[in-house]
Amino acid sequence: MWCAVGGVLGHLEGGGEERQESEGGEHELFLMHDSKQMVKTDAGEMRVVRSAAGRSIVEKPMHIGFITMEPKSLFVPQYLDSSLILFIRRGEAKVGSIYNDELVEKQLKIGDLYTIPAGSAFYLVNTGEGQRLHIICSIDMSESLKMDTFQSFFLGGGTHPTSILTGFAPETLSTAFNISMSELEEIMTRQEGGPIIYIKDSQQPSTWAKFLEMKTQDKVKHLKRIMGFDVETEQKHGTWWSWRKLLNSVIGNENKKQPVEPTEPYNLYDRKPDFKNSYGWSIALDESDYSALADSGVGIYSVNLTAGSMMAPHLNPTATEIGIVLKGSGTVKVVFPNGTSAMDAKVREGDVFWVPRYFPFCQIASRTGPFEFFGFTTSARRNRPQFLAGANSLLKSMRGSEFAMAFGVSEDKYDHMVNSQREAVILPSADVSPPDERKKETGTETERVLKLIKGFGNDVMMGF
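All residue numbers here refer to positions counted from 1 along the written sequence of the relevant chain. Residues qualify for local features only when their pLDDT is at least 70, as the model is predicted, and side-chain atom pairs are given and counted only at 80 or more; totals for whole chains, interfaces and linings, by contrast, use all residues. Only hydrogens and water are set aside when side-chain values are computed; all heavy atoms of the structure are taken into account.

A. Local environment of the overall build of the protein. Helix numbers and strand numbers start at the N terminus; a helix is a DSSP run of H or I with at least 4 residues, a strand a run of E with at least 2. From N to C terminus, the protein includes twelve helices and 28 strands. A simple rule labels every residue: compare its accessible area, found with a 1.4 Å probe on the protein chains alone, to the largest value its type can have, and call it buried under 20%, exposed over 50%, or partly exposed in between. In the protein, which comprises 464 residues, the share counted as buried stands at 51%. Contacts were defined at the residue level, with two residues in contact if any of their heavy atoms lie within 4.5 Å. Of all intrachain contacts in the protein linking residues separated by at least 6 positions in sequence, the fraction that spans at least 24 positions is 72%.

Structural data, given as structure tokens:
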């Protein structure tokens, strides 16, 4: 069955596992382990890794969603109290959504990004032939009801999931749709396959599947009978008109109007890297690159490191960064403001990590293969990372007697340190890249580091 759990939809069949922070302690402080299964049906599932919003240094609470859909499946029409940015990791999809009270339908392929504002009705269809659809999405809770994770409002549904329409008395709906009580009951109780359903070739076809099997003329006729619309009704009920257009899209109405200035997808992989050398490449998208990001207030980035290479130590002055490992494995290192290690954790495909604004950090690929990660930032403004090492480092740009004195060395020694690395941004780092299994620290060193971190107190930890 389905129910609302703490303000979010939770699937009770099979438990809905929730993974808490591991025993890594401070060494995994910025790994996001709090994962919850939100949807699970025969046709697909959705899992959400929840934000570290309870920590005072997170300026924009954001969850990360993972959606998997089987071939010929539909994520039924709904709207959320949170904004989404979809990233097509694998497969192909059709997304239908409402933009300026008009229906927008877009075909999405691998690498495409697409935004869905909070409160905008949408649906997803896996259109790939014989392949699963994998989507990674940001879930921005800035406009949410603040009821734990996020809240879905299902438009289509029956007994599983329940449509929001069923909250009205049958008499009210019968009058609103201008249909009989028996017709209403049939429509409102047929769907029991869950939020993600097969739209064709299912053993017990859903209402949506039966619609798709109809001829176009019959689809339109049947829809109008269900919705109870004629020209006069359409002129009087603008809200139901938007709902009807969304349904028409799912069933293929050929007479729907084309929207004006619809939101367009943006393909991340069609863009040339902002930086590239022999050791990897990086891409960063902001509102000047993809205008849809301006409304979301979220930025996008993607990094690919060759085996053993390093994204040079740097900091983000404008945003917190959330990363999802797409391929390979590596290490993420984060530093506290007082110059001590905050995290030194090995990550692999599927792991989610975050780095607070201003905190220095770096990523290092393992020696076994490439390390690819993608993610979101909490600002759509252009982010100008400040690098702490490499040919373009802050320390090199500001070199002089002041910095030499700050380190207590001669200017010659300081210049030698900042000038020795000729590469910038992505560096060769075979000596420090992790092998298959991370080297264990000695017991004495581990105990010393843990005592140091635990001794910082709330003043240094800043609300952790």
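B. Geometry of the nonpolar core. Residues belong to one nonpolar core when they are buried, are Ala, Val, Leu, Ile, Met, Phe, Trp, Tyr or Cys, and are joined through side-chain atoms within 4.5 Å. Ile-136, Ile-300, Ile-324, Val-334, Phe-374 and Phe-376 are the most contacted members of the largest nonpolar core, which totals 59 residues. An automatic or database domain assignment supplies the residue ranges for each domain. Composition of this core by domain shows at least three residues from each of domain 1 (25-157 + 194-214) and domain 2 (271-385). Among residues more than four places away in sequence, those in contact with Ile-300 are Ile-85, Leu-113, Leu-268, Ile-283, Ala-284, Leu-285, Leu-293, Phe-374, Gly-375, Phe-376 and Thr-377. In terms of nonpolar packing, the next biggest core, distinct from the first, is built from 33 residues, Ala-43, Leu-84, Val-95 and Ile-196 among them.

C. Structural detail: the pattern of salt bridges. A pair is scored as a salt bridge if a Lys or Arg side-chain nitrogen falls within 4 Å of a carboxyl oxygen belonging to Asp or Glu. Taken as a whole and judged by the stated rule, the model has ten salt bridges. Between Arg-90 and Glu-349 there is a salt bridge, with the nearest N and O atoms lying 3.7 Å from each other. With Arg-90 in strand E8 (residues 83-90) and Glu-349 in the loop between strand E23 (341-348) and strand E24 (352-355), this pair connects stretches of sequence that are 259 residues apart. Judged by its relative accessible area of 46%, Glu-349 is partly exposed. Across the pair Arg-271 and Asp-289 runs a salt bridge, and its minimum N-O distance is 3.3 Å. In this pair, Arg-271 sits in the loop between strand E16 (266-267) and strand E17 (275-277) while Asp-289 sits in the loop between strand E18 (280-285) and helix H7 (292-296), placing the two residues 18 residues apart along the sequence. Overall, Arg-271 belongs to the buried group, its relative accessible area being 18%. For Asp-289, a relative accessible area of 25% corresponds to the partly exposed category.

D. Main features of the sheet that holds strand E19 (residues 299-305). Being paired, for any two strands, means DSSP has found at least two bridges between them. With antiparallel pairing, the six strands of this open sheet are ordered in space as E17-E18-E19-E26-E21-E24. Every other strand in the sheet has two partners, leaving E17 and E24 as the edge strands with one partner each. Direction aside, neighbouring strands of the sheet carry axes that sit 15 degrees apart on average. Taken together, the seven bridges between E19 and strand E26 (residues 371-377) define a ladder with antiparallel strand orientation. The residue bridging Asn-304 from the neighbouring strand is Glu-372, located in E26. In this analysis, axes come from line fits to C-alpha atoms, helices being fitted only over the stretch in contact, and the angle between any two N-to-C directions falls in the range 0 to 180 degrees.

E. Highlighting the packing of aromatic side chains. Between 30 and 60 degrees the pair is tilted, below 30 it is stacked and above 60 it is edge-to-face, where a pair is any two Phe, Tyr or Trp rings, Trp via its six-membered ring, whose centres lie within 6.5 Å. A complete count under the given rule lists 13 aromatic pairs for this structure. Taking the centre distance of 4.1 Å and the plane angle of 15 degrees together, the rings of Phe-87 and Phe-374 count as stacked. Taken together, the positions of Phe-87 in strand E8 and Phe-374 in strand E26 put the pair 287 residues apart, joining distant regions of the chain. Of the two residues examined, Phe-87 and Phe-374, each falls in the buried class.

F. Structural detail: the pairing of strand E10 (residues 102-108). Most of E10 sits out of view: five of its seven residues are buried. For strand E9 (residues 93-99) and E10, the ladder comprises seven bridges, and the chain directions are antiparallel. Looking at E10, one finds that Val-95 is bridged to Lys-106.

G. Focus on the packing of helix H1 (residues 170-177) against helix H2 (residues 181-189). It is at 9 Å that the axes of H1 and H2 come closest, and there the two elements cross at 105 degrees. When the interaxial angle is binned, H1 and H2 end up roughly perpendicular. Mapping the contact onto sequence places Pro-170, Glu-171, Leu-173, Ser-174 and Phe-177 in H1 and Met-181, Leu-184 and Met-188 in H2. All residues other than Ala, Val, Leu, Ile, Met, Phe, Trp, Tyr, Cys, Pro, Asp, Glu, Lys and Arg, Gly among them, are scored as polar; the first ten of these are nonpolar and the last four charged. Here the contact of H1 with H2 is built from residues that sort into six nonpolar, one polar and one charged. The cut-offs work like this: below 35 degrees is roughly parallel, past 145 is roughly antiparallel, 65 to 115 is roughly perpendicular, and the gaps in between are oblique.

H. View of the confidence of the model for the protein. Overall, the prediction assigns the protein a mean pLDDT of 78, with 72% of residues at 70 or greater. Here residues 251-260 is modelled with pLDDT under 50, and outside its nearest four sequence neighbours on either side it reaches 16 contacts, counting other chains as well. One number per residue, pLDDT, summarises how confident the predictor is, and it ranges from 0 to 100. In this model, residues 448-464 is a region of pLDDT below 50 whose contacts with residues beyond four sequence positions or in other chains number 25 contacts.

I. Spotlight on a nonpolar patch on the surface. Together, Phe-407, Val-409 and Met-417 make up an exposed nonpolar region whose accessible area comes to about 280 Å². Following the sequence through the fold, Phe-407 ends up in helix H9 (residues 401-407). The partly exposed category is assigned to Phe-407, whose relative accessible area is 47%. Within this analysis, patches are made of residues with over 30% relative accessible area and no salt bridge. Like charges are joined at 9 Å or less; nonpolar side chains (Val, Leu, Ile, Met, Phe, Trp, Tyr) at 5 Å or less. Each accessible area is a Shrake-Rupley estimate made with a 1.4 Å probe; only the visible protein chains count as cover when residues are assessed.

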